[in-house]
2 protein chains.
Amino acid sequence: MAEPSSAPTMKDVAREAGVALGTVSKVMNGIPVGESYRVRVEKAVAKLNYRVNSYAKGLKTNKTYTVAVMVPNLVSPFFAKLVNALNRQLALRKYRMLLYATDYDPAQEQEYVIMAEQQKVDGIICLSYNPELKVSENVPMVSIDRYFGAQIPCVSSDNYGGGRIAAEKLYENGCRNLAFMRIGSRLTNEPNKRKDGFISACEALGVSFTLKIVDDGTPYAAFEEFLREHTHAGVPDFDGIFCVTDSLAYQTVRSLRAMGVRVPEDVQIIGFDGARLFGDQDLFCSTIVQPVEEIAETCVDMILEKALSKAPSLMCLPVEYAYGGTTLK
Amino acid sequence: MAEPSSAPTMKDVAREAGVALGTVSKVMNGIPVGESYRVRVEKAVAKLNYRVNSYAKGLKTNKTYTVAVMVPNLVSPFFAKLVNALNRQLALRKYRMLLYATDYDPAQEQEYVIMAEQQKVDGIICLSYNPELKVSENVPMVSIDRYFGAQIPCVSSDNYGGGRIAAEKLYENGCRNLAFMRIGSRLTNEPNKRKDGFISACEALGVSFTLKIVDDGTPYAAFEEFLREHTHAGVPDFDGIFCVTDSLAYQTVRSLRAMGVRVPEDVQIIGFDGARLFGDQDLFCSTIVQPVEEIAETCVDMILEKALSKAPSLMCLPVEYAYGGTTLK
């Protein structure tokens, strides 16, 4: 590695080219100068292998061309796909991404927000379920899935609509005794609306339904017990189950099959997310697909336009149903 | 968002505290000053909500506390797990991560290396299969899986050892007619050694084996055809197959079952990677598990110690076999 002191500065370029510092600055910023000057500067830049110091540039323009992205982790397929899409959307606009994976640690999430603020990024795109998170007023912020209040725009899937679609699809496939299973935060957050949409559609269709809702951190065994309680001599009380995530749907299918219940012949299962095996192969289950690319594009557009004060406080993007083998169609 | 001009500077803090600029600087950098001075500075910092300008700091110290990480994408479970682990390892050392997902685009990979260099990061951790990639001499770099030559240290799993373990495990489980299936780059890269290790163990054990090796970009159908050619009246020529990735193993299991071949009763399958469904649930198949956390920790240690010139040019970290349902044990 070259010693820091050996990196050429704009002054070195000016000396090498035999021009004024201002001329080098103009050339580097694409401002027209006399042709001979431009050529001399470019030759000097090439000879010295001069690179614009983005830190000095950041000081002057107060733009960093950097957006901080905060998510719980990258190993959950939905988060991985989301960060992948955000990275692509930022790169298309010549922005770079500072990534913070928080592992759901509230203290770390708070620290990251402060760090992002200190590092004077151009914005923060944040997916956090931390109820205590204090957000900054000095850096534009867009939230995914979690509603912080009108001052922070929130982008999410149309979770309510997705819940409705799940109930309607199960009904259309012949199911008449539905269940909804959910594990998650009690906090006001968009994914909670999957339940509301599901209930609303069940009521509209006049279909009976049962809810099994547990708090974050509850072991999966709670669902297994629920399924066992509702299965008599191998026959389940339900013929259709909507699970709040694909991950829960996958576990549910496995539990039911282990109990001798056939999926989808006896019970049809719909998940939520639209994750794919290995990122690009089969769906894990029949599911409501989140529009991950559109969520990413919307977040990046909003952060970079900086018209956040005029932005809607909540934008719900349309979801769709996809068949993945755990329903009849 | 506050106007850039409204952000307080160190000078504002000095004025507010009624102390010299150097005193503020000492307090901010943890250098002892008289108690009454320290208290005055801290009160002024709190009152003005002053934050250290990391850009100004970057200019002075020539340290950015930032490492660039370049990977093809985040949706492949192995890459997702790797970036997740790198992020954690960097955060533990109070470093931040600039993330570049390249989608295997050679032009973009080259651009990202140049960008990372210009942004004067403290190092680059790079996973690229681009044969033409020109790496910088001005920024410390560590490569994962891809050997660029002795000047760039490479960290990877012990792929050779993993290939040996796969052959030995299949043999131990009673297999006597083995196959190896691989899709990948022709380029010198560490995952290629999975084949070499496999062959070496087969030869040592005196077991017959068949290779099916295709270049990147070949459709999966080539493997399906290979499997069909080697299956007669529902009986395959092989009783054990080692696949170069879990993804290929997953597809292979599906193809064989569709042809009426039982897995693992008729054919046992071992993949490579150790990916888990949804990041934390079941393995996709019996597999050779890559030590992702150790790879990440080693890369970060090497980049930050900056003792790269003394580093080994290749470090292969131990892998292990894990049962995942596609072998007898």
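Rules of the game
- Residues numbered from 1 in each chain as written.
- Chains lettered and ligands numbered in written order.
- Predicted model: local features only at pLDDT ≥ 70, side-chain atom pairs only at ≥ 80, totals over all residues.
- Heavy atoms only, no water.
- Domains from an automatic or database assignment.
- 1 Å grid on protein atoms, 1.4 Å probe; cavity = no way out; pocket = protein on both sides within 12 Å on 5 of 7 lines; lining within 4 Å.
- Points joined across faces, edges and corners; volume = space filled by probe spheres on them.
- Helix = DSSP H or I, 4+ residues; strand = E, 2+ residues; numbered from the N terminus.
- Nonpolar A, V, L, I, M, F, W, Y, C, P; charged D, E, K, R; others polar.
- Salt bridge = Lys/Arg side-chain N within 4 Å of Asp/Glu carboxyl O.
- Buried < 20%, exposed > 50% of the residue type's maximum accessible area, 1.4 Å probe, protein only.
- Core = buried A, V, L, I, M, F, W, Y, C linked by side-chain atoms within 4.5 Å.
- Contact = heavy atoms within 4.5 Å.
- Expected span 1.5 Å × (residues − 1).
- Axes fitted to C-alpha atoms, helices over the stretch in contact; angles between N-to-C directions.
- Parallel < 35°, antiparallel > 145°, perpendicular 65-115°, else oblique.
- Left-handed = near helix turned anticlockwise from the far one by under 90°.

(A) Inspection of the domain arrangement of chain A at higher detail. Examined at the domain level, chain A breaks down into domain 1 (10-52), domain 2 (66-157 + 293-317) and domain 3 (159-290). Computed from C-alpha coordinates alone, the two centres of domain 1 of chain A and domain 2 of chain A are separated by 38 Å.

(B) View of the layout of surface pockets. Taken as a whole, the largest pocket holds about 1400 Å³ of empty space. Looking at the largest pocket, it is lined by 50 residues, and the ones nearest its centre are Asn73, Ser76, Phe79, Tyr104 and Asp216 of chain A. When residues of the lining of the largest pocket are traced back to their parent elements, those giving at least two are helix 5 (77-92), helix 6 (106-118), strand 6 (177-184) and helix 10 (246-258) of chain A together with helix 5 (77-92) of chain B. Sort the elements by how many residues they give to the lining of the largest pocket and helix 5 of chain B lands first, with 6 residues. Grouping the amino acids of the lining of the largest pocket by side-chain chemistry returns 21 nonpolar, 18 polar and 11 charged.

(C) Quick peek at the pattern of salt bridges. By the definition in use, this model includes 26 salt bridges over all chains. Between Glu111 of chain B and Lys94 of chain A there is a salt bridge, with its nearest N and O atoms 3.3 Å apart. Taken together, the residues span two chains, with Glu111 of chain B in helix 6 (residues 106-118) and Lys94 of chain A in the loop between helix 5 and strand 2 (96-101). Taking relative accessible area as the criterion, Lys94 of chain A reaches 56% and is therefore assigned exposed. Between Arg88 of chain B and Glu293 of chain B there is a salt bridge, with the nearest N and O atoms lying 2.7 Å from each other. Of the two residues, Arg88 of chain B is situated in helix 5 and Glu293 of chain B in helix 11 (residues 292-305); the sequence distance between them amounts to 205 residues. With a relative accessible area of 31%, Glu293 of chain B lands in the partly exposed category. Each member of the salt-bridge network shares a partner with another, and the members are Glu35, Arg38 and Glu42 of chain A.

(D) Layout of the nonpolar core. With 83 residues, the main nonpolar core has Ile241, Phe242 and Ile269 of chain A together with Ile241, Phe242 and Ile269 of chain B as its most contacted residues. What Ile269 of chain B contacts, discounting residues up to four positions off in sequence, is Ile241, Cys243, Ala249, Thr252, Val253, Leu256, Val263, Ser286, Thr326 and Thr327 of chain B. Grouped together as the second largest cluster of nonpolar side chains are 56 residues, Ala296 and Leu317 of chain A together with Phe79 and Ala296 of chain B included.

(E) The arrangement of unusual backbone geometry in detail. Residue and element names in this part refer to chain A. Looking along the chain, the bond that leaves Val263 and enters Pro264 is cis, with omega of 10°. By the element assignment, Pro264 lies in the loop between helix 10 and strand 11 (268-273). One non-glycine residue with positive phi stands out, namely Ala233, at about 50°. Looking at where Ala233 falls in the secondary structure, it is placed in the loop between strand 8 (231-232) and strand 9 (235-236). Positive phi values are uncommon outside glycine, yet Asp273 reaches one of about 145°. Assignment of secondary structure puts Asp273 in strand 11.

(F) Expanded view of helix 10 (residues 246-258) of chain B. Residues and elements named next belong to chain B. Counted at 1.5 Å a residue, the expected span for helix 10 with its 13 residues is 18 Å, and the 18 Å between its end C-alpha atoms agrees. Counting buried positions over the 13 residues of helix 10 gives 10, a clear majority of the element. Along helix 10, the residues that are buried comprise Asp246, Ser247, Leu248, Ala249, Tyr250, Gln251, Thr252, Val253, Ser255 and Leu256. Buried-residue contacts for helix 10 involve strand 6 (177-184), helix 9 (221-229), strand 10 (240-243), strand 11 (268-273) and strand 12 (287-289).

(G) Highlighting the packing of helix 5 of chain B against helix 11 of chain B. All names here are of chain B. One can describe the packing of helix 5 onto helix 11 by two numbers: an axis separation of 8 Å at closest approach and a directional angle of 45°. Relative to helix 11, helix 5 is oriented oblique. Crossing handedness for the pair helix 5 and helix 11: right-handed. Residues Phe78, Lys81, Leu82, Ala85, Leu86, Arg88, Gln89 and Leu90 of helix 5 form the contact with helix 11, whose participating residues are Val292, Glu293, Ile295, Ala296, Glu297, Cys299 and Val300. Taken together, the residues of the contact of helix 5 with helix 11 break down into 10 nonpolar, 1 polar and 4 charged.

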